[in-house]
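Listed below, chain by chain, are the residues.
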Amino acid sequence: MIDRQRLEAILREAGRMAMASWPGDGHALQAWEKVPGSPVCEADLAVDAYLKRELTRLLPAAGWLSEETVDAPERLSGGLIWLVDPIDGTRDYIAGRRGWAVSVALISAGRPLFGMLCAPARGEFWHAEAGQGASRNGERLVASRRTELPGARVPAKQVSAEDADLVMVDQPNSIALRMALVAADEADLVATLRWGFEWDIGAAALIAREAGATVTDAFGGPLNYNKPDPRAFGVLVTAPTIHAAAVARLADRAKVLAAKG
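Report on the accompanying structure.

**Describing the pattern of salt bridges**
Tallied over the entire structure, the rule returns 22 salt bridges. When the shortest N-O distance is used, the salt bridge between Glu54 and Arg53 registers 3.0 Å. For Glu54, a relative accessible area of 8% gives the class buried. The partly exposed category is assigned to Arg53, whose relative accessible area is 39%. The residue Arg75 makes a salt bridge to Asp71 at a minimum N-O spacing of 2.6 Å. Looking at Arg75, the relative accessible area reads 4%, which means it is buried. Classification of Asp71 by relative accessible area gives partly exposed; the value is 37%. Through salt bridges that share partners, Glu162, Asp163, Asp165, Arg249 and Arg253 make up one connected network.

Here it is in structure tokens:
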């Protein structure tokens, strides 16, 4: 159905384009806010345009849903769709930090078939294919197998008093990279308690799941893609044995925050 080598080459070229403007290598960069608190930069738009052109050529039958492209309702009429965040972790990108990645997933009938993250500032390329496992830089991934929630490693800069028994590890700004850390057994738990978009999590959700992690929304429900409203409330990625305990711990907070919209 798809030329896998060409798909990887497209993602790597998108990463190269992003690196060519990355302030971490001393490049000047134009950045602004789409809306207050939502930064974007010229590299977001350039990478998005490149990916739309090349991925559409690769698979013309697939629709398109991206953070940096106006949503087109015709995407709902097909079974295939490209789900794209040209630079996930824009804040780290603009600040010259390494916690960003190009994120691409191919969705079929609401489920990811392929998921890839290109994180060139970290020297990482993550890949997953449904039913075929996940890898980072060609090495197969086996997700965290932690059995107790207390002491779980979580990518965070701070935790609430309710979560003081968790252990903080490095937190990339990219939610996709944080999810991938569970796939690589470098974290045990990632949780968000806010409405987020499918393009933020589609590729990383497949990577984590194929590595053996449990991946749901904040309430423990399934994640579906290419919905009319392309959002979900939160994402929860954990070692399988601690997932139920994490859902229980977050339940009251999730209910209150989800109701606020």
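**Section: helix α4 (residues 175-183)**
Given 3.6 residues to a turn, an α-helix orients residues that are three or four positions apart in the same direction. Of all nine residues in α4, nine are buried, a share of seventy percent or more. Along α4, the positions that sit buried rather than exposed are Ile175, Ala176, Leu177, Arg178, Met179, Ala180, Leu181, Val182 and Ala183. N-capping of α4 is provided by Ser174, with a side-chain oxygen placed 3.3 Å from the backbone N of Ala176. Positioned one or two residues after α4, Asp185 has a phi angle of 60°, which is positive.

**A closer look at the sheet that holds strand β12 (residues 189-191)**
Where strands meet in a sheet, backbone hydrogen bonds hold them as pairs that are either parallel or antiparallel. Spatial strand order, β12-β16-β14: three strands in an open sheet with antiparallel pairing. In this open sheet, the two edge strands, each paired with only one partner strand, are β12 and β14 (214-216). If you compare each strand with its neighbour and ignore which way they point, the axes differ by 5° on average. The pairing of β12 with strand β16 (residues 236-238) spans three bridges and is classified as antiparallel. Following the sheet pairing, Val190 is matched in β16 by Val237.

**Here we look at the environment of Ile107**
Within the secondary structure layout, Ile107 lies in strand β5 (residues 101-108). When its relative accessible area of 1% is taken as the criterion, Ile107 is described as buried. When the C-alpha positions of Ile107 and Glu148 are compared, they lie 33 Å apart, and in sequence the two are 41 residues distant.

**Some points on the packing of α4 against helix α5 (residues 198-211)**
Geometrically, a packed helix pair is captured by the angle between its two axes and the distance between the axes. Between α4 and α5, the shortest axis-to-axis distance is 8 Å and the interhelical angle comes to 0°. Considering their axes alone, α4 and α5 lie roughly parallel with respect to each other. Contact residues: Ile175, Ala176, Met179 and Ala183 in α4; Asp200, Ile201, Ala204, Ala205, Ile207, Ala208 and Ala211 in α5. In terms of residue class, the contact of α4 with α5 is built from ten nonpolar, no polar and one charged.

**As for the packing of helix α1 (residues 4-19) against helix α2 (residues 42-58)**
Running from amino to carboxyl end, α1 crosses α2 at an angle of 170°, the nearest separation of the two axes being 10 Å. When the axes of α1 and α2 are compared, the pair comes out roughly antiparallel. Together, Arg6, Leu7, Ile10, Glu13, Ala14, Met17 and Ala18 of α1 and Ala46, Val47, Tyr50, Leu51, Glu54, Leu55 and Leu58 of α2 make up the contact between the two elements. Each residue belonging to the contact of α1 with α2 can be placed in one class, and the counts come to eleven nonpolar, no polar and three charged.

**Quick notes on the packing of aromatic side chains**
For the structure shown, the criterion picks out five aromatic pairs. On the numbers, 5.5 Å between centres and 70° between planes, the contact of Trp195 with Phe233 is edge-to-face. Here Trp195 is found in strand β13 (residues 195-197), whereas its partner Phe233 is found in strand β15 (residues 231-233), with 38 residues between them in sequence. Residue Trp195 is classed as partly exposed on the basis of its relative accessible area, which comes to 34%. Residue Phe233 is classed as buried on the basis of its relative accessible area, which comes to 5%. Where Phe197 meets Trp199, the ring centres are 4.5 Å apart and the plane angle is 5°; that geometry is what we call stacked. Positioned above the aromatic ring of Phe125, the side-chain terminus of Arg12 is 4.2 Å from the ring centre. It is Arg231 that lies over the ring of Trp195; its NZ or CZ is 4.7 Å from the centre.

The rules behind the values
Residues numbered from 1 in each chain as written. Predicted model: local features only at pLDDT ≥ 70, side-chain atom pairs only at ≥ 80, totals over all residues. Heavy atoms only, no water. Salt bridge = Lys/Arg side-chain N within 4 Å of Asp/Glu carboxyl O. Buried < 20%, exposed > 50% of the residue type's maximum accessible area, 1.4 Å probe, protein only. Helix = DSSP H or I, 4+ residues; strand = E, 2+ residues; numbered from the N terminus. Polar contact = N/O pair within 3.5 Å; in protein donor to acceptor, adjacent residues only side chain to side chain. Pairing = 2+ DSSP bridges. Axes fitted to C-alpha atoms, helices over the stretch in contact; angles between N-to-C directions. Parallel < 35°, antiparallel > 145°, perpendicular 65-115°, else oblique. Contact = heavy atoms within 4.5 Å. Nonpolar A, V, L, I, M, F, W, Y, C, P; charged D, E, K, R; others polar. Phe/Tyr/Trp six-rings, centres within 6.5 Å; stacked < 30°, edge-to-face > 60°. Lys NZ or Arg CZ within 6 Å of the ring centre and 35° of its normal.

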